[in-house]
Amino acid sequence: MSSRVHVLIDADAMLGRHPARDVGAGTVAEALAGMDRFGISEALVGHTLSWLHDPRTGNQALLELVAGQPRLHPCWVMLPDTCGETGTPAEFVTAALAGGVCAVRAYPVDHGYDLAGVDAAPVLDAVAEAGLPLLLDAAQTTWPQVEAVSAARPHLAIVVGGLGYRVLRQAAGVLARTENVHLGLANLSSHCGLEWLVERFGEQRLLFGTGAPTRDPAEAVTRLLWSELGDGAVAAIGAGNLRSLLREKVRVA
C-alpha cells in the first residue's frame, strides 16, 4: 500500500443533474465538495446535457459552469457531422480549443453511430490532429472498434473507462496490440486487476477516474491508494499519465 499523499486528477467526472439517478443536482459546488472529501485536486468534467440531451447545448453549458473554476477542466462530447449538430469537424475542434476544452468524449451507442465507421472518421481525424484525447466507456463501443480507431489514428490517445467485471482478456489483447489505448479506473472491478495490468503493461497505460457522481469516488480512490503498487506507479496513474496525455493543458500546483 502507498504511504504517501498523492495528487489525484479525476479523468472521468460529470456536472449536471442526472434525470434518472438520485445522485445530487450536479452543481459545481457539489462536485468540488466531493473532490475535497476524497482528496481529488482537479477533474476533467463533462455535462449530462451533452450525453443525455443535446451535445451542442451541453457543451456550451459546460463552459459556462467551469468558467473561473481552475480545478475543473471541460471535456466536450463529439458527434459525427452527418446532421450538422456540432458543426463541421474543423468548426467543432476550433470551438473546443478556443473554449479551453482538454479532451473529447464519445457515446456511440447512446447517440446512434459506429465509432469505427465512415461517419465518425472525419471528426475523429480532427480530434486526433488537435491532440485531444478521446474518452469513452466500454459499454459505448466494442473492443474491435476501439482497436480499429486506434490503428487508424496512432497519435490519438484513447481512454476506455467503465470496464466492469471480467473484461481483462479483451482489454489486454487490445493493449498488447496498440500503444495509444489506455484504461480508466472507474469500475475496474476485477480483483487485483489494477496490479495485474501494471505488471503486464506498465503504469503508463492507466488513468485515475471515478465516474462521479453516478459512481462513488471512494471506489476508484481506494482501488488506487490501497493497491499493492509502488509510489511511482500510484503517482503516474493518479495524475501524471493524464497530464502527459493532455500535453500540460492541465496543471496541478
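Notes on the structure in this doc start here. (Residues numbered from 1 in each chain as written. Predicted model: local features only at pLDDT ≥ 70, side-chain atom pairs only at ≥ 80, totals over all residues. Heavy atoms only, no water.)

Next up on the list: the packing of helix α4 (residues 89-98) against helix α6 (residues 121-130). Look at α4 against α6: their axes get within 9 Å of each other, and the N-to-C directions meet at 35°. Handedness of the crossing formed by α4 with α6: right-handed. Contacts from P89, F92, V93 and L97 of α4 reach α6 at P122, V123, A126, V127 and A130. Of the residues contributing to the contact of α4 with α6, the split by class is nine nonpolar, no polar and no charged. (Axes fitted to C-alpha atoms, helices over the stretch in contact; angles between N-to-C directions. Helix = DSSP H or I, 4+ residues; strand = E, 2+ residues; numbered from the N terminus. Left-handed = near helix turned anticlockwise from the far one by under 90°. Contact = heavy atoms within 4.5 Å. Nonpolar A, V, L, I, M, F, W, Y, C, P; charged D, E, K, R; others polar.)

This part covers the side chain of R223. Its place among the elements puts R223 in helix α10 (residues 217-225). Of the polar contacts made by the side chain of R223, one reaches the backbone oxygen of L188; its length is 2.8 Å. When residues no more than four places from it in sequence are discounted, the contact partners of R223 are L185, N187, L188, S189 and L194. (Polar contact = N/O pair within 3.5 Å; in protein donor to acceptor, adjacent residues only side chain to side chain.)

Where charged atoms from two side chains of opposite charge come close, those side chains can pair. With the rule as written, the count across this model stands at seven salt bridges. Here D125 ties to R153 by a salt bridge, and the two come within 2.6 Å at their closest N and O atoms. Of this pair, D125 sits in helix α6 while R153 sits in the loop between α7 (143-152) and β6 (158-161), placing them 28 residues apart in sequence. Ionic pairing is found between R223 and E219, a salt bridge with its closest N-O pair at 3.5 Å. Remark: E219 and R223 occur in helix α10; sequence separation between them is four residues, near one turn of the helix. Several salt bridges share partner residues, and in doing so they unite D12, R105 and D137 into one network. (Salt bridge = Lys/Arg side-chain N within 4 Å of Asp/Glu carboxyl O.)

A word on helix α9 (residues 193-201). Burial in α9 covers these residues: G193, L194, L197, V198 and F201. Looking down the long axis of α9, one finds its buried residues gathered within 135° of arc, a one-sided arrangement. Away from its buried face, by an angle of more than 90 degrees, α9 presents the exposed residues E199 and R200. At the C-terminal side of α9, G202 shows a positive phi close to 90°. (Buried < 20%, exposed > 50% of the residue type's maximum accessible area, 1.4 Å probe, protein only. Arc of directions from axis to C-beta.)

Before going further, it helps to examine unusual backbone geometry. With an omega of 5°, the peptide bond running from A212 to P213 counts as cis. Locating P213 in the fold gives a position in the loop between β8 (206-207) and α10. In this model, R166 sits at a positive phi of 60°, which is unusual for a non-glycine residue. Here R166 is to be found in the loop between β6 and α8 (168-177). You will see that N187, though not glycine, has its phi angle at about 60°, which is positive. For N187, the position within the fold is in the loop between β7 (181-184) and α9. Owing to a relative accessible area of 16%, N187 belongs among the buried residues under this scheme.

Attention now goes to the pairing of strand β5 (residues 134-137). Sheet analysis places strand β4 (residues 103-105) next to β5, joined by two bridges and oriented parallel. By the bridge assignment, V104 is partnered in β5 with L134. Here four bridges tie β5 to β6, and the two strands are oriented parallel to one another. The residue bridging L134 from the neighbouring strand is I158, located in β6. Regarding the hand of the β-α-β motif, the stretch spanning β5, α7 and β6 is right-handed. (Pairing = 2+ DSSP bridges. Right-handed = clockwise from strand over helix to strand, strands pointing away.)

Bringing the packing of aromatic side chains into the picture now. Summed over all chains, the structure comprises three aromatic pairs. Ring plane angle 10° and centroid distance 5.4 Å describe the contact between W51 and Y107, whose orientation is recorded as stacked. Highlighted residues: W51 in helix α2 (residues 48-52) and Y107 in the loop between β4 and α5 (108-111), separated in sequence by 56 residues. Grouping residues by exposure puts W51 and Y107 together as buried. Plain terms: the ring middles of W76 and F92 are 5.7 Å apart, the flat faces sit at 45° to each other, and that makes the pair tilted. (Phe/Tyr/Trp six-rings, centres within 6.5 Å; stacked < 30°, edge-to-face > 60°.)

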